[in-house]
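Breakdown of the fold
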Amino acid sequence: MNVSVNHLSFSYPDGTRALHKLTCQLTKNKVAILGSNGSGKSTLLQHLNGLYIPQSGTVEINGTRITKKNCMDIRKKVGLVFDHPDHQIFAPTVFDDIAFGPRNKGESEKDVARLVYEMMDWLNISHLQNKPPYHLSLGQKKKVAIAGVLAMEPEIILFDEPFSGLDPYSLDDFIEILNRLANLGQMVIITTHDVDLAYSWAEECLILQRGKALLQGDVHILENEKVMAEAKLRLPSLFSLFKETKYRPTNIQQAKTLLEQIVRKEPLMK
Ligand SMILES: Nc1ncnc2c1ncn2[C@@H]1O[C@H](COP(=O)(O)OP(=O)(O)OP(=O)(O)O)[C@@H](O)[C@H]1O
Ligand SMILES: [Mg+2]
């Protein structure tokens, strides 16, 4: 899977310049896009699934350049889960909402039901299937929106700030779902302000600032103090903690193992 963006620029009708000559190549299955408010993350995602067509520059998905002509086909291959679930749930029941995509694709009712039940099971929302989506809590609505996009079986899935509004257990469940999708070979691209989460989860990171790609690479780019300050992002907590040592654990489990080894070598004074 390959997403290639070259010199992409985009301004909204009121003249706000949201993207400015943005260039990046994304190839890994777990990608995190980081940047402060207004840096262009959501605008970029909407270009990656053909909702917006580049005003200048190009966006290519697996070598196919997105144009006005093919953008509907691209949307079937690249699913987007918006940051606000109200933007994408509208059917009378949760079941119908999740079924909307596969029905639109012309799947048989039997296949639609199979997919919808599978997605509801993944997201632990089977008990909500007959409820009107507008009666749900924010986190529940988010899960319905996610299930709806997954039911379309896209090759690339874009999640705009998927973790906001989820309780800690739902967050863990959700990270597991993202990992499952990535392990199945789907490319998962998220935007997030959660630097710690990106540090522990992503295989590839992209830092945006004022519509430009400031830096791209593996999670260790998040340790670049100058770039992170420029992008108005906090350093990862684990990096701050281990900065003065030679160790670079990127997740809690690695940090725990390291600390156990260190304490075993030099037992702490009682
Ligand atoms: N519909 C719109 N009309 C005019 N300007 C817009 C519109 N949507 C976004 N913008 C502007 O485009 C710029 C980029 O916005 P975008 O939503 O892409 O940022 P973001 O990185 O997703 O921010 P956040 O972290 O707050 O979600 C901002 O300056 C924003 O004010
Ligand atoms: Mg946004």
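Up top you'll find the structure we're talking about.
First, a word on what this report is: a plain description of the structure on this page. Since the model is a prediction, treat every value here as computed from it, not as a measurement.

1. Digging into the packing of helix α3 (residues 94-104) against helix α4 (residues 109-122)
Interaxial distance between α3 and α4 falls to 9 Å at its minimum, and their mutual angle equals 125°. Classified by the interaxial angle, the pair formed by α3 and α4 is oblique. The two elements α3 and α4 cross, and the hand of that crossing is right-handed. Across the interface between the two elements, V94, F95, I98, A99, P102 and R103 of α3 pack against E109, V112, A113, L115, V116, Y117, M119 and M120 of α4. Each residue belonging to the contact of α3 with α4 can be placed in one class, and the counts come to 12 nonpolar, no polar and two charged.

2. Considering the layout of surface pockets
Taken as a whole, the largest pocket spans an internal volume of roughly 650 Å³. R75, Q88, F100, G101 and M152 are the residues nearest the centre of the largest pocket, which is lined by 25 residues in total. Looking at the lining of the largest pocket, the elements that each hand over two or more residues are α2 (71-77), β6 (78-81), α3 and α5 (138-150). Ranked by the residues each element gives to the lining of the largest pocket, the list is headed by α3, at five residues. For the lining of the largest pocket, the per-class residue count stands at 14 nonpolar, seven polar and four charged. When its volume is computed, the second largest pocket comes out at roughly 170 Å³. Along the walls of the second largest pocket sit 13 residues, with G38, S39, G40, K41 and T43 positioned nearest its centre. Broken down by secondary-structure element, the contributors of at least two residues to the lining of the second largest pocket are β2 (17-26) and α1 (41-48). Per-class residue counts for the lining of the second largest pocket are two nonpolar, eight polar and three charged.

3. A few points about a negative patch on the surface
Together, D167, D172, D173 and E176 make up a region of like negative charge exposed at the surface. Tracing the chain through its elements places E176 in helix α6 (residues 168-183).

4. Some remarks on the site of ligand 1
Close to ligand 1 lie 14 residues, the nearest being G38, K41, S42, T43 and H193. One nitrogen or oxygen atom from the side chain of K41 is found 2.7 Å from an oxygen atom belonging to ligand 1. Here ligand 1 has 630 Å² of accessible area as a free molecule, and 64% of this is covered by the chains. Here ligand 1 occupies the second largest pocket. Residue contributions to the shell around ligand 1 peak at three residues, all from α1.

5. Regarding the pattern of salt bridges
Per the counting criterion, the structure on display carries eight salt bridges. Taking the shortest distance from any N to any O, the salt bridge between D86 and K141 comes out at 3.2 Å. A residue pair is termed long-range when its members are at least 10 positions apart, and D86 in the loop between β6 and α3 and K141 in helix α5 qualify at 55 residues. The class of K141 is buried, set by a relative accessible area of 13%. The closest approach of N and O atoms between R114 and D111, which form a salt bridge, is 3.8 Å. Highlighted residues: R114 and D111, both in helix α4, separated by three residues, approximately one helical turn.

What counts as what
- Residues numbered from 1 in each chain as written.
- Chains lettered and ligands numbered in written order.
- Predicted model: local features only at pLDDT ≥ 70, side-chain atom pairs only at ≥ 80, totals over all residues.
- Heavy atoms only, no water.
- Axes fitted to C-alpha atoms, helices over the stretch in contact; angles between N-to-C directions.
- Helix = DSSP H or I, 4+ residues; strand = E, 2+ residues; numbered from the N terminus.
- Parallel < 35°, antiparallel > 145°, perpendicular 65-115°, else oblique.
- Left-handed = near helix turned anticlockwise from the far one by under 90°.
- Contact = heavy atoms within 4.5 Å.
- Nonpolar A, V, L, I, M, F, W, Y, C, P; charged D, E, K, R; others polar.
- 1 Å grid on protein atoms, 1.4 Å probe; cavity = no way out; pocket = protein on both sides within 12 Å on 5 of 7 lines; lining within 4 Å.
- Points joined across faces, edges and corners; volume = space filled by probe spheres on them.
- Patch = residues over 30% accessible without salt bridge, like charges linked within 9 Å, V, L, I, M, F, W, Y side chains within 5 Å.
- Areas by Shrake-Rupley, 256 points an atom, 1.4 Å probe, with all protein chains shown as cover.
- Salt bridge = Lys/Arg side-chain N within 4 Å of Asp/Glu carboxyl O.
- Lys, Arg positive; Asp, Glu negative; His and termini not counted.
- Charge placed at Lys NZ, Arg CZ, Asp CG, Glu CD.
- Near = heavy atom within 4 Å.
- Polar contact = N/O pair within 3.5 Å; in protein donor to acceptor, adjacent residues only side chain to side chain.
- Sits in = over half its atoms within 2 Å of the grid points.
- Buried < 20%, exposed > 50% of the residue type's maximum accessible area, 1.4 Å probe, protein only.

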